[in-house]
Amino acid sequence: MTKILLVEDDETISFGIRSALSKKGYDVVFCSGVKEGKGFFSSEFDLILLDLNLPDGNGYDFCSWVKERSESPVIFLTVRDDVKDITRGLDMGADDYITKPFHIAVLESRIQAVLRRAAASHVLACGNIRMDKKKMQVWVGEEIISLTGLEYRLLLLLMENRGCILPRNRLLEKLWDADGNFVNDNTLTVAMKRLREKLHHTTCITTVRGIGYRMEERACV
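Residues numbered from 1 in each chain as written. Predicted model: local features only at pLDDT ≥ 70, side-chain atom pairs only at ≥ 80, totals over all residues. Heavy atoms only, no water.

Student: Explanation requested: the confidence of the model for the chain in the structure shown.
Tutor: Detailed reading of the predicted model is not advised wherever pLDDT is low. Of all residues in the chain, 96% have pLDDT values of 70 or greater, and the mean over the chain is 90. Of all helices and strands in the chain, the one with the weakest mean pLDDT is helix 4 (residues 83–91) (86), whereas strand 1 (residues 3–7) scores best (96). (pLDDT = per-residue confidence, 0-100. Helix = DSSP H or I, 4+ residues; strand = E, 2+ residues; numbered from the N terminus.)

This is the structure:
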């Protein structure tokens, strides 16, 4: 079930939204301010519906706070329709901006659109390899692959930079082990070898001699 955090201090508006979305099968958690919203928030929420004007702060600050902690999409709901307000919200990472008053059907349509975009954005693919960043799962074809934390982070860097050469020194700067220590050159070599083996010796990961590695779309096996 899709879980939504609604941060709105107007009880009439929040009741209407909760009632309508609950009928559509959404699990809506309601709070009326920034402090309460931070208390309820977790990465389990699929979407945040956020008012700009709140009794103990503003939606901009809460949006920035959320974006520092998760990839949960945010939709602003507000009476403020000035272009500067809208662009500020979108520039800080909000996924949509709906001005009040609005029809509930419009809100439902915008929610569905944002959730579709969010679902597509956290799934990476290269050849027959797929990675779901939200679920932290990796597949080769239809087979789920079990990776260590280091192997997963290494593959994530390669997938997020598909088509680009990643120098070894950059990988070493970005990677760390289970205890938070930086990975050394030998550990990187071993991790890459094991990652390739677990991905059935994929040809999508290529070694650029003397420089580093590159993930590219090709006849992966």
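Student: Just to check I follow, could you spell out the nonpolar core for this structure?
Tutor: Soluble globular proteins tend to pack their nonpolar side chains together in the buried interior. In terms of nonpolar packing, the biggest core is built from 30 residues, with Val138, Leu154, Leu155, Leu158 and Met215 touching the most fellow members. For this core, the secondary structure elements donating two or more residues are strand 8 (123–126), strand 9 (129–132), strand 10 (137–140), helix 6 (149–160), helix 7 (168–174), helix 8 (185–198) and strand 14 (212–215). If sequence neighbours within four positions are ignored, Leu158 has contacts with Leu166, Met192, Leu195, Ile205, Tyr213 and Met215. (Core = buried A, V, L, I, M, F, W, Y, C linked by side-chain atoms within 4.5 Å. Buried < 20%, exposed > 50% of the residue type's maximum accessible area, 1.4 Å probe, protein only. Contact = heavy atoms within 4.5 Å.)

Student: It is not clear to me how the sheet that holds strand 1 should be interpreted in this structure. Could you clarify?
Tutor: Within a sheet, adjacent strands bond to each other through the backbone by hydrogen bonds, running parallel or antiparallel. Pairing is parallel in the open sheet, where 5 strands are placed in the order 2-1-3-6-7. Looking at the sheet topology across the chains shown, the edges are occupied by strand 2 (27–31) and strand 7 (96–99). If you compare each strand with its neighbour and ignore which way they point, the axes differ by 20° on average. For strand 1 and strand 2, the ladder comprises 5 bridges, and the chain directions are parallel. Within strand 2, the residue paired with Leu6 across the bridge is Phe30. (Pairing = 2+ DSSP bridges. Axes fitted to C-alpha atoms, helices over the stretch in contact; angles between N-to-C directions.)

Student: Hey, could you run me through the sheet that holds strand 13 (residues 205–208) in this one?
Tutor: In spatial order, the strands read 12-14-13; together these 3 strands make up an open sheet with antiparallel pairing. Among the strands making up the open sheet, the edge pair consists of strand 12 (165–167) and strand 13. Each neighbouring strand pair of the sheet contributes to a mean axis angle of 30°, computed without reference to strand direction. The pairing of strand 13 with strand 14 spans 4 bridges and is antiparallel. Directly across from Thr207, in strand 14, lies its bridge partner Tyr213. Docked against the sheet, helix 6 engages strand 12, strand 13 and strand 14, running at close to 65° with respect to strand 14. Lying on the sheet, helix 8 is in contact with strand 13 and strand 14; it crosses strand 13 at an angle near 150°.

Student: So what exactly am I meant to see when it comes to the packing of helix 1 (residues 11–23) against helix 5 (residues 104–121) here?
Tutor: Each packed pair of helices is defined by two parameters, the angle between the axes and the distance between the axes. Between helix 1 and helix 5, whose axes approach to 11 Å, the crossing angle comes to 60°. As far as their axial angle goes, helix 5 and helix 1 are oblique. Between helix 1 and helix 5 the crossing geometry is right-handed. Where helix 1 abuts helix 5, its residues Ile17, Ala20 and Leu21 lie against Ile104, Leu107, Glu108 and Ile111. Split by residue class, the contact of helix 1 with helix 5 holds 6 nonpolar, no polar and 1 charged. (Parallel < 35°, antiparallel > 145°, perpendicular 65-115°, else oblique. Left-handed = near helix turned anticlockwise from the far one by under 90°. Nonpolar A, V, L, I, M, F, W, Y, C, P; charged D, E, K, R; others polar.)

Student: It is not clear to me how the pairing of strand 10 should be interpreted in this structure. Could you clarify?
Tutor: For a regular strand, the rule is simple: side chains alternate between the two faces of the sheet. Here 4 bridges tie strand 9 to strand 10, and the two strands are oriented antiparallel to one another. Of the residues in strand 10, the one forming a bridge with Ile129 is Val140. Between strand 9 and strand 10, which follow one another and run antiparallel, lie 4 residues, and Met136 among them has a positive phi close to 55°. As paired strands, strand 10 and strand 11 (residues 143–145) are joined by 3 bridges and run antiparallel to one another.

Student: Would you mind showing me how to read the packing of aromatic side chains here?
Tutor: Each aromatic ring pair is characterised by the separation of its centres together with the angle its planes make. One pass over the full model with this rule turns up 5 aromatic pairs. Relative to Trp65, the ring of Phe41 has its centre 5.7 Å away and its plane inclined at 70°; by these criteria the two rings are edge-to-face. A residue pair is termed long-range when its members are at least 10 positions apart, and Phe41 in the loop between helix 2 (34–40) and strand 3 (47–51) and Trp65 in helix 3 (residues 59–67) qualify at 24 residues. For Phe41, a relative accessible area of 12% corresponds to the buried category. A network of ring pairs unites the aromatic residues Phe41, Phe45, Phe62 and Trp65 as a single cluster. (Phe/Tyr/Trp six-rings, centres within 6.5 Å; stacked < 30°, edge-to-face > 60°.)

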